[in-house]
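Here are the chains, one letter per residue:
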Amino acid sequence: MILRLAFGSLMARALTVSITVLAISLSIALFLGVEKIRTSAKASFTDTISGTDLIVGARSGSVQLLLYSIFRIGNATNNITWASFQDIAAQQNVDWIVPVSLGDSHKQFRVMGTTNEFFKRYKYRSKSNLKLQDGAFITDLFDAVIGADVATELGYQIGDPIIIAHGLASFSKHEDQPFRIAGILKKTSTPVDRTIIVSLEAIEAIHVDWKSGAKIPGQSTPNDILRKMDLKPHAITAALIGTKSRLQVFGLQRFINEYPKEPLLAILPGVALQELWQIVGVAESALIAISAMVVVTALIGMMAMVFSSLNERRREMAIFRAVGAKPSLILGMLVAEATFVTAIGAILGCALLYLGLFASQSAIDQAFGLWVPINAPTKDEALLIFSVIIAGAFISLVPAIRAYRMSVSDGMIVNV
Amino acid sequence: MKTILIFGITVITSNPLLAESTRQLESHEHGVGQLEVAIEGQKIAIDLHAPGADIVGFEYVAESSKDRKAVDTAITILGKPLDLFLISSDAKCSVMQAAAKLESDDEHDEHDEHDEHDEHDEHDEHDEHQEKSAHTEFHASYILNCMNIAAMTEIKFAYFDLFPNAKELEVQMISDVGAFTFEIEREEPTLDLIGKL
C-alpha cells in the first residue's frame, strides 16, 4: 500500500524526481569511481615489483632507494662497489642477484645497465614476467631493449640506432657507440615501460673514453677493441636479490645492513612500498573526503526537494488524512519515496560508472598507465551503496516528521 | 697518560674493524624493539631484537647478583616464544628452535658483526668506556613449525605484559603474499594476520 502510493506520487512528479535521481546517481558514480581508481592505483603501485626479496643500494632511506632503483625517480646517493656486490652475491643464502646501473639517459628516458637475468627475475603484477613484444633480449654488447612507452613515444623499431646521453638531461652524448634496438618489451604499466635496458658491460664500454665526467678529447676506442676489453664494472647503483628460502631474508638483510666494509642498505620492497604509500596516502584520504561530501550534498538536495514538495502536497496529505490514513502512513510514504529515489539513484550511478569504465578503460591505461579492472562491486562498495540508501531514508525522516505533525491542521485550512 | 696511550693503541690495532677505520653506529631507541617474522610453508622464523632497557631495565654490565639474576630470568622468558607471542592453539605451533642471548659490545667485537659505538676515537678513556657507553641488546631467534598455519589469524603480544618497559615493537613480516610492516604498541598488542599469509 505505502509502496504503491509512494511510487504513484513519484510518477506524478516525474521531472523534479528525475533531476534528484540524476544528482544522486552522479554523486554515487563519482564516489565509486574515485574508490575504484584509488584501489587500482594502489594495486598497480604495489604491483610494480614482486618476486624480489631484497633491494640493495647505498645507505640512504628505504623509500629513496626504492624510488631510484625501481621507479627511477631521483638519484642514488652513492654507488655500490663491484667488490661488495660480489661479496653479497657469494653469500650462501643468495639464490640470484641482478645488478642495476643507472645514470645515463636517452631523450626523456633513463638508461639502465643490467644483465639478461633481469628479464627473468624482475616480476610485476603478482609474478608476471617481462615479455617481448618484438625482437630479442640482449645478445650483443651494443644491444638495447626498450620499454613499450619508449617505443611508442619515440617511434622506434627493431634495428634502429640510438645514442645514449651521458648523465641525465645532458648535452654530451656517447656518439661513438650507438646502440641498436634489439627488443621492445610488452607494456607492463611499470617504470620498465619508460626505460632503455642495456648490458652492464655496455655501460662500462661507453665510458671507457671518459674521465672525471668528461670525454677525453680526440680519444675514441673503436668498438671492436671495446669488445675485446675486460669490461668488468667498477660500480653499480643497486641490486635486486632473491633468496633461497624466505626464512633467510632477514638474516641476509641484517648482513648487508651491517656490512662493515661499505655502508649499504637492504630493503624489503613490500615494506618500502608500504612506507611510500603512507606518504602518498594523505591525498588518498582527501579524495575520499571530497567524493563523500558530494554524496552528502546530493542527499541534502533530495531533502530540500522533499521539503519543497511538502508545500505543493499539503492538500494531498490532508485528503489522505481525511479519508482515514494514519499519520504514520504519511510518514511511511515520504520515507519510502526518498528510499526509492536514492535506490534508483544508486543503481543508475553504478550503471553510469560501469558504462564509463567500459568506455574509458583503455584510454586511462594509455594515458596514466593505470589499469582499472571492471569487476562486480566489492563487499565494501556494496556496503557503501547500501549505507547511502539508508542515509537517504534517514534524511527524509526530517521532512517526513514535519508532514506527520502538520498534515491535518495545515492542509484543512484554506489558503488563498 | 702513557699507559692510557698504549692501551688506546692496543685497542685500536687489535680491533680489525677500527683498523679499517669503519665507524658505524646502529640506531638504538629505548622502548622500541624490532621483530622480524618470515613465514614459509609451515615454518615461521622469528627474530627479536630488543634494547636491554626494555627487557631488564638497565644496559650496564650486570655485576651484582640481582642484576645477573634479572638477565638470566629474562633470557629464560625469551626462550619461550609461544609465551611471548600468543598464537591460536588451532594453528598447532611447536617450537623447533629457540635461542636468546644478551649482546654486549664485547661480543659484537668478537663476532666481527659490527661496531656499535665509535667512542674509541673520540676520547681516550678506554678503560671506562664499557661502563659508560655500552648499549646492550637482547637478541632472540626462534623457528616455529605450525601444522595448521591457516588458523593463525592473529598474534597477541604477551611480550608487553612480561616486559613492562617495552613500549613498541617494529614488525617486519614476509610471507607468500608479500612483505609488510607494522608498529605494534603496548596499548594495542595485537597483530592482525588476516589476508597476509
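Residues numbered from 1 in each chain as written. Chains lettered and ligands numbered in written order. Predicted model: local features only at pLDDT ≥ 70, side-chain atom pairs only at ≥ 80, totals over all residues. Heavy atoms only, no water.

**With respect to the domain arrangement of chain A**
All names here are of chain A. We note that the domain assignment places domain 1 (2-45 + 281-412) and domain 2 (54-267) within chain A. Contact residues are listed per partner, giving four residues for domain 1 and four residues for domain 2. In total, domain 1 and domain 2 occlude about 380 Å² of area from one another, counting both sides; carbon and sulfur atoms represent 53% of this. In this assembly, domain 1 and domain 2 are joined by zero salt bridges. Here domain 1 is connected to domain 2 by zero residue pairs in polar contact (both at pLDDT 80 or more). Of the residues in the side of domain 1 that touches domain 2, the class split is two nonpolar, one polar and one charged. (Domains from an automatic or database assignment. Contact = heavy atoms within 4.5 Å. Buried area = accessible area lost by both parts, 1.4 Å probe. Salt bridge = Lys/Arg side-chain N within 4 Å of Asp/Glu carboxyl O. Polar contact = N/O pair within 3.5 Å; in protein donor to acceptor, adjacent residues only side chain to side chain. Nonpolar A, V, L, I, M, F, W, Y, C, P; charged D, E, K, R; others polar.)

**Some remarks on the interface of chain A and chain B**
The interface of chain A with chain B comprises 19 residues on the first partner and 24 residues on the second. Among the residues of chain A in contact with chain B, Arg246, Leu247 and Phe250 of chain A are the three that bury the most area, contributing 39% of the side total. At the junction of chain A with chain B, the criterion picks out two salt bridges. Between Asp176 of chain B and Arg246 of chain A there is a salt bridge, with the nearest N and O atoms lying 2.8 Å from each other. Joining chain A to chain B, the criterion identifies seven residue pairs in polar contact (both at pLDDT 80 or more). Elements with a minimum of two residues in the side of chain A that touches chain B: helix H9 (249-257) and helix H10 (269-312) of chain A. Among the elements that line the side of chain A that touches chain B, the one with the most residues is H9 of chain A, at five residues. For the side of chain A that touches chain B, the per-class residue count stands at seven nonpolar, five polar and seven charged. (Helix = DSSP H or I, 4+ residues; strand = E, 2+ residues; numbered from the N terminus.)

**A few points about the nonpolar core**
Of all hydrophobic cores here, the largest spans 41 residues; its most connected members are Phe85, Phe157, Tyr159 and Leu169 of chain B. Per-element accounting of this core gives the leading share, five residues, to strand E5 (residues 137-146) of chain B. Tyr122, Leu240, Leu265 and Ile267 of chain A belong to the second largest nonpolar core, which has 32 residues in total. (Core = buried A, V, L, I, M, F, W, Y, C linked by side-chain atoms within 4.5 Å. Buried < 20%, exposed > 50% of the residue type's maximum accessible area, 1.4 Å probe, protein only.)

**Notes on the state of the cysteines**
Residues and elements named next belong to chain B. In this structure the tally under the stated criterion is one disulfide over all chains. Residue Cys93 pairs covalently with Cys146 via a disulfide, S to S 1.9 Å. Taking the torsion about the S-S bond as the criterion, the Cys93 to Cys146 disulfide, at about 105°, is right-handed. Of this pair, Cys93 sits in strand E4 (residues 93-103) while Cys146 sits in strand E5; the two residues are 53 residues apart in sequence, bridging distant segments of the chain. The burial state of Cys93 is the same as that of Cys146; both residues are buried. (Disulfide = S-S within 2.5 Å.)

**What to know about the pattern of salt bridges**
Residue and element names in this part refer to chain A. Enumeration over the complete set of coordinates arrives at 17 salt bridges over all chains. For Arg38, the salt bridge is made with Glu35, and the minimal N-O distance between the two is 2.8 Å. Taken as a pair, Arg38 and Glu35 lie in helix H2 (residues 14-46) at a separation of three residues, close to a single helical turn. An identical accessibility class is assigned to Arg38 and Glu35; each is buried. The salt bridge partner of Arg180 is Asp143, with a shortest N-O separation of 3.5 Å.

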